[in-house]
Amino acid sequence: MSDTANEESRLTNKVDRRYGALSEALLRSGAGLEAFVLSALALVVAFAIFGVFVAVQGLDPLAVYSALWLGAFGTSFSIENTLTLAAPIILTAFCTLIPARVGMLVIGGEGALALGGVGAVLAGMVLTGLPWWLGVVACCLAGSMFGAAWIMAAGALKHWRGVNETISTLLMNYIAAAILLHLVTGPIRDFDVSIKAQSVPVPELYRLGDIPGWSVHWGLVVGVAVVCALHMLLRHTVTGFSMSVLGGNRRAAQMAGLDIGRLTLLACGLGGAAAGLAGAIEVVAVHGAVSESLLVGFGYTGILVAFLARQNPLAVLLVALVIGGIAAAGGLLQRRFDMPDAATDLLLGIIFICVLASNAFAGRLFRRTA
Amino acid sequence: MMEGTLGSWGVLIAVLGGAVRVSTPYLFVALGETLTERAGRVNLGLEGTLVLGAMAGFAVSFLTGSPWLGVLAGGVAGTGLGALHALICNLPRVNDIAVGIALFVFGTGLAFYLGKDYIHPRAEMLPGIPLGTWSDSLAIQSALEISPLFFIGAALAVGLRWALFNTRWGLLLRMAGDNAEAGRALGLSVNRIRLFATAAGGFLSGIGGAFLSLYYPGSWNEGLSSGQGLMAVALVIFARWDPVRCFWASLVFGGATALGPALQTVGITSGYYLYNAAPYIVTLALLVWVSNPREALQGAPRELSISR
């Protein structure tokens, strides 16, 4: 085992020497700053387009903007709401972000989140009588494992059968939703609840409470901790560097003797685990049980967050706040302007398009000196 | 009840009838995606196009009283989204698959936003052609009431195949998809060919959407489309980018989709959600079957990002 590890690190050192100079030059020349400026510009343009759209509808764009601000960050209530919505999408973003490091476009966060929620409930049903903290950890671990296995399956299909991972993960979202609905309407249904189909609840003892003095659950702290850990892994370890090499140049990774299958599965597994954890936390901290309410699009929003953060782990935190804020302001937009609830979806779609279009200007904003 | 006396035959007839009925939107989206992909681009946003086309078709039929104008409106809305996809992808360093996902979000968001006012009223529906009047059985009569759009789609499949392989524009389209460099060397604008191909693909997908809201299921609501636009992308791979094979493949997909509701009519309701997932599972299984880790997908246009 240690032999192969040594072998790997020797080989990656070789790669490191060859490509390290290149990546360092890119960093020094302000690629990070440029990514930030591009994303910020894309946001501004998207808000402008949305403003024109609402103006055509006969609404005052400035009033809509101020309501968006008020609903997202204007009061302590709205900030807590924003943070609560940001918690799951911080994690689901990694379901797209980590596989993107190895050059895959995975969009299965919604499915992994759904199965993560199912995993948490199943763990709660099977593992009774644990101390509370162990119960919470067990539920979250079970959720992560379900999510990891789900996305790893897509990674395995990609690696050994050449199945396009974007299409397979998108299909698997629908399959996961069907599995969830099947389970909560039959096998694990709580028949004491008659108003809607939902699963047996997770034991009261295993619930995750709020951060003292806030009405934001501890899941947010877990999410931030996971982001830091993943940042360390992706940016400061041999494994993370090997992933970047694979994502940057598949041939170079092959030449360096990297185990492509292992890296592919690892990236998919970590991404799926993050989204599964998001589902588990939603269950143990918000809903208490699994139901259709879990499928509100956190997985799809995570894709947008990953792209807006330009696949940078730490930037996810900032971006998730912005996107969570928009989602949180949706209710206020509905009440104040009688807008459809799809207004925020539309805004997110416009942002997504602008972010992708802004890629056309990458490398042209600042002159590189290296 | 007639359905009861037919027993297991009832399930078969319902699946066959359902296959014909449900296959039409698959067929239109698949034909549109075939055009787009033959020119070298993947548009993964056709799910959004389908939903926007459904909304536009329903709204226009409701406002004008003419369902065929609605079909046209669905096509026009789809053309708009297709053109948007192509124009963004014409920019350098833009990933066409990611743009597709963005248009998926944007198209459904726009459709639900603008379509909120049309959820309640009932619009004028497309007429069906009753081919089952010779039978006394209601099940057979309903299975054989077929939309004219189904026949239009079938004719279109044959026509597109002929046009792709026997006309000048078919050759240009395939050149853009198979070897963009060769096209550029001849002084052609590959981007412009792709713009037309993606816009035309959007037009066909929009018509598929109008079928959903104006014929079957025949209403406008937010749960109208459930991944048909996406499955059509996999269907095109399975059909190896051939319009006529798209026709047969969409019948298979239609049958898989009709299985859940058909079993429900004869009283098999346990596992309802799992049967409803059949089309996704079938799609995934077919995708695994036709994929190959060592070489590009068989028959794929060479410039296509999903086949490289």
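Owing to the predicted nature of the structure, the values given are computational and were not obtained by experimental measurement. Counting of residues starts from 1 at the beginning of each chain's written sequence and follows it residue by residue. Following the order in which they are written, the chains are lettered starting with A and the ligands numbered starting with 1. Totals for whole chains, interfaces and linings use every residue, but because this is a predicted model, local features are given only for residues with pLDDT of at least 70 and side-chain atom pairs only at 80 or more, for both listing and counting. With hydrogens and water set aside, each side-chain value is computed from the structure's full complement of heavy atoms.

Asks: Can you explain the domain arrangement of chain A? Please cite residues and give values.
Replies: Residue and element names in this part refer to chain A. Either an automatic procedure or a domain database provided the assignment from which the domain bounds are taken. By domain assignment, chain A separates into domain 1 (1-59 + 342-370) and domain 2 (79-338). Contacts: residue pairs with any heavy atoms within 4.5 Å of one another. Facing 22 residues of domain 1, the contacting portion of domain 2 comprises 22 residues. Salt bridge criterion: a side-chain nitrogen from Lys or Arg within 4 Å of a carboxyl oxygen from Asp or Glu. Scanning the region where domain 1 abuts domain 2 turns up zero salt bridges. Two N or O atoms count as a polar contact when they lie within 3.5 Å, although within protein this holds only if one can serve as hydrogen donor and the other as acceptor, and sequence-adjacent residues are included solely when both atoms are side-chain atoms. On the surface where domain 1 and domain 2 come into contact, there are five residue pairs in polar contact (both at pLDDT 80 or more). By the criteria applied, helices consist of DSSP H or I runs no shorter than four residues and strands consist of E runs no shorter than two, each listed in order from the N terminus. Of all the secondary structure elements, the ones that give two or more residues to the side of domain 1 that touches domain 2 are α1 (2-28), α2 (31-56) and α14 (342-358).

Asks: Before we move on, can you summarise the packing of helix α4 (residues 76-101) of chain A against helix α12 (residues 298-308) of chain A with the specific residues and values?
Replies: Axis angle and axis distance: for two packed helices, these are the angle between their axes and the distance between the axes, and together they describe the pair. Residues and elements named next belong to chain A. Axis angles are defined between N-to-C directions and span 0 to 180 degrees, where every axis is a line fitted to C-alpha atoms and, for a helix, only to the segment in contact. At their nearest, the axes of α4 and α12 sit 7 Å apart, and the two run at 65 degrees to each other. Judged by the inter-axis angle, α4 sits roughly perpendicular to α12. Every pair of crossing elements has a handedness; the one defined by α4 and α12 is right-handed. Contact residues: α4 offers Leu 85, Pro 88, Ile 89, Thr 92, Ala 93, Thr 96 and Leu 97, while α12 offers Phe 298, Gly 299, Thr 301, Gly 302, Ile 303, Val 305, Ala 306 and Phe 307. For the contact of α4 with α12, the per-class residue count stands at 10 nonpolar, five polar and no charged. For classification purposes, an angle smaller than 35 degrees is called roughly parallel, one larger than 145 roughly antiparallel, one from 65 to 115 roughly perpendicular, and anything else oblique. Each crossing is labelled by how the near helix is turned from the far one, with a counterclockwise turn of less than a right angle marking it left-handed and a clockwise turn marking it right-handed. Gly is put with the polar residues, along with every residue not named as nonpolar or charged; the nonpolar set is Ala, Val, Leu, Ile, Met, Phe, Trp, Tyr, Cys and Pro, and the charged set is Asp, Glu, Lys and Arg.

Asks: Tell me about the interface of chain A and chain B, residues and numbers included.
Replies: Note: interface size is frequently given as the accessible area lost on complex formation between the parts. Every contact between the two is made by 44 residues of chain A and, on the other side, 47 residues of chain B. Here the quantity called buried area is the total loss of accessible area, with a 1.4 Å probe, experienced by two parts when brought into contact, counted for both. Of the roughly 3,900 Å² buried where chain A meets chain B, counting both sides, 79% is carbon and sulfur surface. For the chain A face of the interface with chain B, the top three residues by lost area are Ile 167, Leu 171 and Tyr 174 of chain A, together amounting to 16%. At the boundary of chain A and chain B, one finds one salt bridge. With a closest N to O distance of 3.7 Å, Asp 338 of chain A and Lys 116 of chain B form a salt bridge. Applying the counting criterion to the chain A and chain B interface returns six residue pairs in polar contact (both at pLDDT 80 or more). Looking at the side of chain A that touches chain B, the elements that each hand over two or more residues are α2, α6 (132-161), α7 (165-185) and α14 of chain A. Counting residues per element, the side of chain A that touches chain B draws most heavily on α7 of chain A, which supplies 13 residues.

Asks: Give me the confidence of the model for chain B: which residues, what numbers.
Replies: Note that predicted coordinates carrying low pLDDT should not be read in detail. Scored from 0 to 100, pLDDT records how confident the predictor is in each individual residue. Chain-level pLDDT for chain B is 88 on average; 95% of the residues reach the 70-or-more range. The ipTM assigned to the predicted complex is 0.91, against a pTM of 0.89.

Asks: Lay out the pattern of salt bridges with the relevant residues and their values.
Replies: Residue and element names in this part refer to chain B. The final tally for this structure, using the stated rule, is six salt bridges over all chains. A salt bridge links Arg 161 to Asp 242; its shortest N-O distance comes to 2.9 Å. In this pair, Arg 161 sits in helix α7 (residues 148-166) while Asp 242 sits in the loop between α11 (228-238) and α12 (243-265), placing the two residues 81 residues apart along the sequence. For every residue, the accessible area (1.4 Å probe, protein chains only) is compared with the maximum for its type, and the residue is labelled buried under 20%, exposed over 50%, or partly exposed between those bounds. Given a relative accessible area of 6%, Asp 242 falls into the buried group. Linked through salt bridges whose partners overlap, the residues forming this network are Arg 161, Asp 242 and Arg 245.

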